[in-house]
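# Examining the three-dimensional arrangement
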Amino acid sequence: MMNTPASKSLPHIAGIGLRAPHYLEVLEQRPALGWVEVHSENFFGGGAPLHTLLQVAQHYPVSLHGVGMGLASPDPLDAGHLRELRRLCDTVDPASVSEHLCWNTAGGIAINDLLPFPYTRDALSHVSERVRQVQDVLGRRILIENLSYYVAFRESEMREEEFLSELVARTGCGILFDVNNLFVNAVNLGVDAQAFIHGIPAEAVGEYHLAGPSLMDGCLVDTHSARVFDEAWALYEDALQHIGKRPTLIEWDVEIPALSVIQDEARKAQLRMDAL
Amino acid sequence: MNTLANTLGQFSAVIRTCAEFEQDALVCPNYPAQRGVGVYRNNYRGNLHDTLAGAYPVIRQLVGEEFFRLLAKRFIEQHPSRSGNLHRYGGEMAEFLAHFENTRHLAYLPDMARLEWAYHRAYFADDAARFDLTRLASVPPESYAGLRWQLHPSCTLLATAFPVAAIWRAHQESAGADFNIDLDSGGDNLLVYRNGLSVNIIDIPAASLHWLEQLRQDIGMGAATESTLAAYPEFDLGTALQHWLANGVLVDFETLNATPAQAGVQLFNDTGFRPAPE
């Protein structure tokens, strides 16, 4: 069990995903943002990216969100990748660190995406072991994000929320509940959204994510390229009711609009939190 | 675990190639499973294409967006990603271009790929603290030969056959676009590295390139200097050492127990150079 508290924690208010087109504006004008989240791998190494992040971290709580660890990959964890993340954590002292419930590397070949896997008991032992490894190396608890996926596996022996709950019980990790991912899975694959919301341990949820998907060929793709859909807002309200207020992030990664548009979405999340 | 490895190995092949999952392995109630697989296939090619376009912007300008898409597609087929960190993807481009039948006539492209990769890696390389000159002042001159210098982690040394630095500069947004470059005007000796936050591409003397390359071989400064002087009698160690220290290229050293051969090297002439602490 991993009980070491992080030295900082995210405030229970709305934040935004900070991306390169807005670095300068954020550093120069210091808009009112509750907190920011960045993709960890973009700051591996040094130079301008790290320098920018360290400046940002002087003014806003920072969450490091990894997209490349591949917790469910059949290949061994990439020790170099983990070392880089540890070093970044030591340098930035983030308020939160998170990864996805997914895999990316098999047989030495990486697919740089967030890929689903069958939710089996074997996979649960495998992922639990690796979450423990990551938490041990980082010396802190991490949050694991539920995935958006476009195919499901017949081999699965449990639902994602059961897998996540068991993972929390075995490793002491937290959950990053991506509400849009759940919405996308509900539309695409008929996942029971209410069962998910009621199935995960509320006390383990450390953060929410919200974003807007796009419809491609009858499939809702989690592109983070639009405003949050009404249906996702409704699920967010359900989550607030059942799970409670948590730090809530607006993500926007493709066709990134003016910062004010993202702030506007963050305000909508904040209003819903305040209405509780 | 075996089952998981098998399933995911198969999934990987399905995403990267035209392989298919066995019937009924996937469950998609609302659309054909093939459509879900298509999302992953598109993401796979799109992400790697965009990564290559980001690492090789000048090559993309040189060959045009449309052709670059074809080139990237072939590259991706031959060179899958090996790391969860996309910034590491694409290092084999120079070699690929040298053999790619559609670009073989553009003989300068591999050199350009080397330059752009060096730039890309320098941008994401680790930081290193500036060298503290007082440390050198505490080394007795007779031990200089045994110093093993470490170059800044962002450094790449490039000797090219074509004048790619000029072509590269002409393709930067800020450039006055001087495309009047004679491809036969000879190659460049380049050092690509990050000084502070910005990546620099600088032309350096052949002797300096040789010397820095020798230092990279993890040999003492004495042996490196001897080898450089043999090829470039005009090389001046004092000037070079001071210059590369001042410019943040040499960032650290280890002291070796000098072997008699190294200790015997006359490193400095009568001026008795020692870099002054600034």
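Residues numbered from 1 in each chain as written. Chains lettered and ligands numbered in written order. Predicted model: local features only at pLDDT ≥ 70, side-chain atom pairs only at ≥ 80, totals over all residues. Heavy atoms only, no water.

### Points about the sheet that holds strand β7 (residues 143-145) of chain A
To summarise the sheet geometry, strands pair through backbone hydrogen bonds and adopt either a parallel or an antiparallel arrangement. All names here are of chain A. In plain terms, the rule: Paired strands, in this sense, are two strands between which DSSP finds at least two bridges. Strands are runs of DSSP state E lasting at least two residues, helices are runs of H or I lasting at least four, and both sets are numbered from the N terminus onward. Axis geometry follows a simple rule: fit a line to the C-alpha atoms, using only the stretch in contact for helices, then measure angles between N-to-C directions, giving values from 0 to 180 degrees. Every residue pair with non-hydrogen atoms within 4.5 Å of one another is taken to be in contact.
Here eight strands make up a closed barrel; going around it, the order is β1-β2-β3-β4-β7-β9-β10-β13 and the pairing parallel. With strand direction ignored, the average angle separating the axes of adjacent strands in the sheet is 30°. Bridge count between strand β3 (residues 62-65) and strand β4 (residues 96-100): three bridges; the pairing is parallel. Paired with L64 across the strands is V97, a residue of β4. Packed on one face of the sheet, helix α9 (residues 259-274) meets β1 (14-17), β10 (205-210) and β13 (248-250) and runs near 150° to β1.

### Some details on the nonpolar core
What tends to happen in soluble globular proteins is that the nonpolar side chains get buried as a cluster. Selection rule: The set of buried Ala, Val, Leu, Ile, Met, Phe, Trp, Tyr and Cys residues whose side-chain atoms join them within 4.5 Å is what this entry labels a nonpolar core. Here's how the labels work: a residue is buried when its accessible area is under 20% of the maximum for its type, exposed when over 50%, partly exposed in between, all with a 1.4 Å probe on protein chains only. Domain extents, as shown, originate in an automatic or database domain assignment.
F117 and F177 of chain A are the most contacted members of the largest nonpolar core, which totals 137 residues. Residue contributions to this core reach at least three from each of two domains, namely domain 1 (1-106) and domain 2 (118-278) of chain B. With near-sequence residues (within four places) excluded, F117 of chain A lies in contact with A72, L101, C102, W103, A123, V127, F153 and F163 of chain A together with L4 and L8 of chain B. Membership of the second largest hydrophobic core comes to 29 residues, among which are C155, Y193, L209 and M221 of chain B.

### Focus: the packing of aromatic side chains
How we decide: Ring pairs are drawn from Phe, Tyr and Trp, using the six-membered ring of Trp, whenever the two centres fall within 6.5 Å, and their geometry is named by plane angle: stacked under 30 degrees, edge-to-face over 60, tilted for the rest.
Counted according to the given criterion, the structure contains 27 aromatic pairs over all chains. Between the aromatic rings of Y23 of chain A and F43 of chain A, the centroid separation amounts to 6.5 Å while the plane-to-plane angle is 50°, which identifies the pairing as tilted. One end of the pair, Y23 of chain A, is in helix α1 (residues 23-29); the other, F43 of chain A, is in the loop between β2 (36-39) and α2 (47-57), and 20 residues separate them in sequence. The class for Y23 of chain A is buried, based on a relative accessible area of 18%. With relative accessibility at 3%, the residue F43 of chain A sits in the buried group. Measuring from centroid to centroid gives 5.3 Å for W149 of chain B and F253 of chain B, while their planes differ by 75°, and the two rings are edge-to-face.

### Comments concerning the domain arrangement of chain B
Residue and element names in this part refer to chain B. Convention followed: Buried area adds together the accessible area that both of two parts lose upon being put together, with accessible area traced by a 1.4 Å probe. In protein, a polar contact means a hydrogen-donor-capable atom and an acceptor-capable atom, both N or O and within 3.5 Å, with residues adjacent in sequence counting only if both atoms are side-chain atoms; elsewhere, any N or O pair within 3.5 Å suffices.
Annotation of chain B at the domain level lists domain 1 (1-106) and domain 2 (118-278). Counting residues at the interface gives six residues for domain 1, matched by seven residues for domain 2. Buried surface at the junction of domain 1 and domain 2, summed over both partners, amounts to about 650 Å²; 62% is from carbon and sulfur atoms. Interface area lost by domain 1 to domain 2 is led by V58, Q61 and H87, which between them contribute 64%. On the surface where domain 1 and domain 2 come into contact, there are three residue pairs in polar contact (both at pLDDT 80 or more).

### Topic: the packing of helix α8 (residues 230-242) of chain A against α9 of chain A
Angle between the axes and distance between the axes are the two parameters that describe a pair of packed helices. All names here are of chain A. Formally: By definition, any crossing whose near helix is turned counterclockwise from its far helix by less than a right angle is left-handed, and any crossing with a clockwise turn is right-handed. For this classification, the nonpolar set comprises Ala, Val, Leu, Ile, Met, Phe, Trp, Tyr, Cys and Pro, the charged set comprises Asp, Glu, Lys and Arg, and every other residue, Gly included, is treated as polar.
At a closest axis distance of 10 Å, the pairing of α8 and α9 adopts a crossing angle of 35°. As for the relative orientation of α8 and α9, their crossing is right-handed in sense. Residues W233, Y236, E237 and L240 of α8 form the contact with α9, whose own contacting residues are E265, K268, A269, R272 and M273. Looking at the contact of α8 with α9, its residues break down into five nonpolar, no polar and four charged.

### Section: the state of the cysteines
What is meant by a disulfide is a covalent connection between two cysteines, made through their sulfur atoms. Selection criterion: Pairs of cysteine sulfur atoms within 2.5 Å are what we label disulfides.
A complete count under the given rule lists zero disulfides over all chains for this structure. Free of any disulfide, C102 of chain A has its nearest neighbouring cysteine sulfur in C173 of chain A, separated by 14 Å. For C102 of chain A, a relative accessible area of 4% gives the class buried. Free cysteine C18 of chain B: the closest other cysteine sulfur is in C28 of chain B, separated by 19 Å.

### Quick word on the interface of chain A and chain B
For clarity, the cut-off: Whenever Lys or Arg places a side-chain nitrogen within 4 Å of a carboxyl oxygen from Asp or Glu, that contact is recorded as a salt bridge.
Taken together, the contact between chain A and chain B spans 50 residues of the former and 46 residues of the latter. Interface area lost by chain A to chain B is led by I109, N112 and R154 of chain A, which between them contribute 16%. Between chain A and chain B we count three salt bridges in total. One salt bridge connects R88 of chain B with E84 of chain A, and the closest N-O pair in it is separated by 3.1 Å.

### Looking at unusual backbone geometry
Residue D93 of chain A is not a glycine yet carries a positive backbone phi of 50°. Within the secondary structure, D93 of chain A sits in the loop between α3 (79-92) and β4. Owing to a relative accessible area of 31%, D93 of chain A belongs among the partly exposed residues under this scheme. Phi is positive for D218 of chain B, close to 65°, though the residue is something other than glycine. When you line up the elements, D218 of chain B lands in the loop between α9 (206-216) and α10 (221-231). Residue D218 of chain B is classed as partly exposed on the basis of its relative accessible area, which comes to 44%.

### Some remarks on the pairing of β10 of chain A
All names here are of chain A. Counting buried residues in β10 gives five out of six residues, a clear majority hidden from the surface. Here strand β9 (residues 174-178) pairs with β10 via four bridges, running parallel. The partner of I175 across the bridge, within β10, is V205. Note that β10 and β13 share three bridges and pair parallel. Counterpart to L210 in the pairing with β13 is I250.

### Brief notes about the sheet that holds strand β4 (residues 189-195) of chain B
Residues and elements named next belong to chain B. In space, the three strands of this open sheet follow the order β3-β4-β5, with antiparallel pairing throughout. Taken across any chain shown, the strands that pair with only one partner, and hence form the sheet edges, are β3 (156-159) and β5 (198-203). Between one strand axis and the next, the sheet turns through 20° on average, direction left out of account. Here four bridges tie β3 to β4, and the two strands are oriented antiparallel to one another. Among the inter-strand pairings, A159 is bridged to a residue of β4, identified as N189.

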